[in-house]
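Residues per chain are reported as follows:
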Amino acid sequence: MPKIGMEPIRRAALVKATIAEIGRAGSLDVTVSQIAKRAGMSSALAHHYFGSKEQIFLAAMRHILSIYGAEIRGALAAADGPRGRLTAIVRASFGPSSFRREVIGAWLNFYVLAQTVPAAGRLLGIYQGRLRSNLLHALRPLIGERAEQVAQGLGAMIDGVYIREALKGGSPDGAAAAAVAMAYLERELVPGAEMRR
């Protein structure tokens, strides 16, 4: 008979192992057996808790998104004014908890999975909606009607930097990644930016 309270511990271990295995492989081409072995349990137990590799991966992405959401909320709570909010969003998007090799690998695979798995598509839509909402809230006081266009561009820039990072080797540099997104943002905030197009 299993010990009471072990299920949340084992689920968390499987989520952590899933992120690590996807980061190691660079794709979803990992087995439940590999994930379970890394978590120190049997694949039967992993299937018992999640049912399938897809469900384990979705749980891992929910975990990643909850950490990201907490970092964004914390950064926004400390931000001063609309520009401060924008800077906080960009920096938190490339913070040390989110911009790690294994998490970046999970994001790349999440974008792909969202094209074919409805539950992943819904989860991606929630992330994109929250990012858009946070950006619009900060951009509207600064640039008015152009806020929607710039929010869309900055969201695409953030996602694009993750994709590029996933495709290269070495240790991710969150500060350099944030600087790329901030440079785009600063160009868009300059008065008359819409006239230069």
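The structure under discussion appears in the preceding block.
So, here's what we can say about the structure. (Residues numbered from 1 in each chain as written. Predicted model: local features only at pLDDT ≥ 70, side-chain atom pairs only at ≥ 80, totals over all residues. Heavy atoms only, no water.)

### Observations concerning the overall build of the protein chain
Next, step 1: Helix and strand counts for the protein chain come out as nine helices and zero strands.
Next, step 2: Listing each helix as α and each strand as β along the protein chain from the N terminus yields α-α-α-α-α-α-α-α-α.
Next, step 3: For the protein chain, the C-alpha atoms occupy an extent of roughly 65 × 35 × 30 Å along the three principal directions.
Next, step 4: Across the 197 residues that make up the protein chain, the buried fraction comes to 41%.
Next, step 5: Of the contacts made within the protein chain by residues no fewer than 6 positions apart, 67% connect residues no fewer than 24 positions apart.
Next, step 6: A total of about 10,400 Å² of accessible surface is found on the protein chain, and carbon and sulfur atoms cover 57% of it.
Next, step 7: Where the 25 positive side-chain charges of the protein chain centre and where its 15 negative ones centre are 5 Å apart. (Helix = DSSP H or I, 4+ residues; strand = E, 2+ residues; numbered from the N terminus. Buried < 20%, exposed > 50% of the residue type's maximum accessible area, 1.4 Å probe, protein only. Contact = heavy atoms within 4.5 Å. Areas by Shrake-Rupley, 256 points an atom, 1.4 Å probe, with all protein chains shown as cover. Lys, Arg positive; Asp, Glu negative; His and termini not counted. Charge placed at Lys NZ, Arg CZ, Asp CG, Glu CD.)

### Concerning empty space enclosed by the protein
Next, step 1: Applying the stated rule across the entire model yields one cavity of 30 Å³ or more.
Next, step 2: Put simply, the largest cavity is a space of about 60 Å³.
Next, step 3: Every residue along the wall of the largest cavity is listed here: I64, Y68, S93, S98, W107, Y111, Y127, I158, D159 and Y162.
Next, step 4: Broken down by secondary-structure element, the contributors of at least two residues to the lining of the largest cavity are helix 4 (53-78), helix 6 (101-113) and helix 8 (147-166).
Next, step 5: Take the lining of the largest cavity: its biggest share by element is three residues, from helix 8.
Next, step 6: In the lining of the largest cavity, the residues fall into seven nonpolar, two polar and one charged. (1 Å grid on protein atoms, 1.4 Å probe; cavity = no way out; pocket = protein on both sides within 12 Å on 5 of 7 lines; lining within 4 Å. Points joined across faces, edges and corners; volume = space filled by probe spheres on them. Nonpolar A, V, L, I, M, F, W, Y, C, P; charged D, E, K, R; others polar.)

### Side note on the pattern of salt bridges
Next, step 1: Going through the model one piece at a time under the given rule, you end up with nine salt bridges.
Next, step 2: In this structure, E21 engages R24 in a salt bridge whose closest nitrogen and oxygen atoms are separated by 2.8 Å. With a gap of three residues between them, E21 and R24 both fall in helix 1 (residues 6-25), about one helical turn apart.
Next, step 3: Exposure remark for R24: the relative accessible area of 48% places this residue in the partly exposed category.
Next, step 4: Measuring nitrogen to oxygen at the nearest pair gives 3.1 Å for the salt bridge that ties R101 to E165. Taken together, the residues R101 in helix 6 and E165 in helix 8 connect sequence positions 64 residues apart.
Next, step 5: The buried category is assigned to E165, whose relative accessible area is 6%.
Next, step 6: Because the salt bridges share partners, they merge into one network encompassing E21, R24 and R38. (Salt bridge = Lys/Arg side-chain N within 4 Å of Asp/Glu carboxyl O.)

### Points about helix 5 (residues 81-93)
Next, step 1: Taking 1.5 Å as the rise per residue, helix 5 with 13 residues should run 18 Å; its terminal C-alpha atoms sit 18 Å apart, in good agreement.
Next, step 2: The complete set of buried residues in helix 5 reads L86, T87, A88, I89, V90, A92 and S93.
Next, step 3: Buried residues in helix 5 make contact with helix 4, helix 7 (118-143), helix 8 and helix 9 (174-189). (Expected span 1.5 Å × (residues − 1).)

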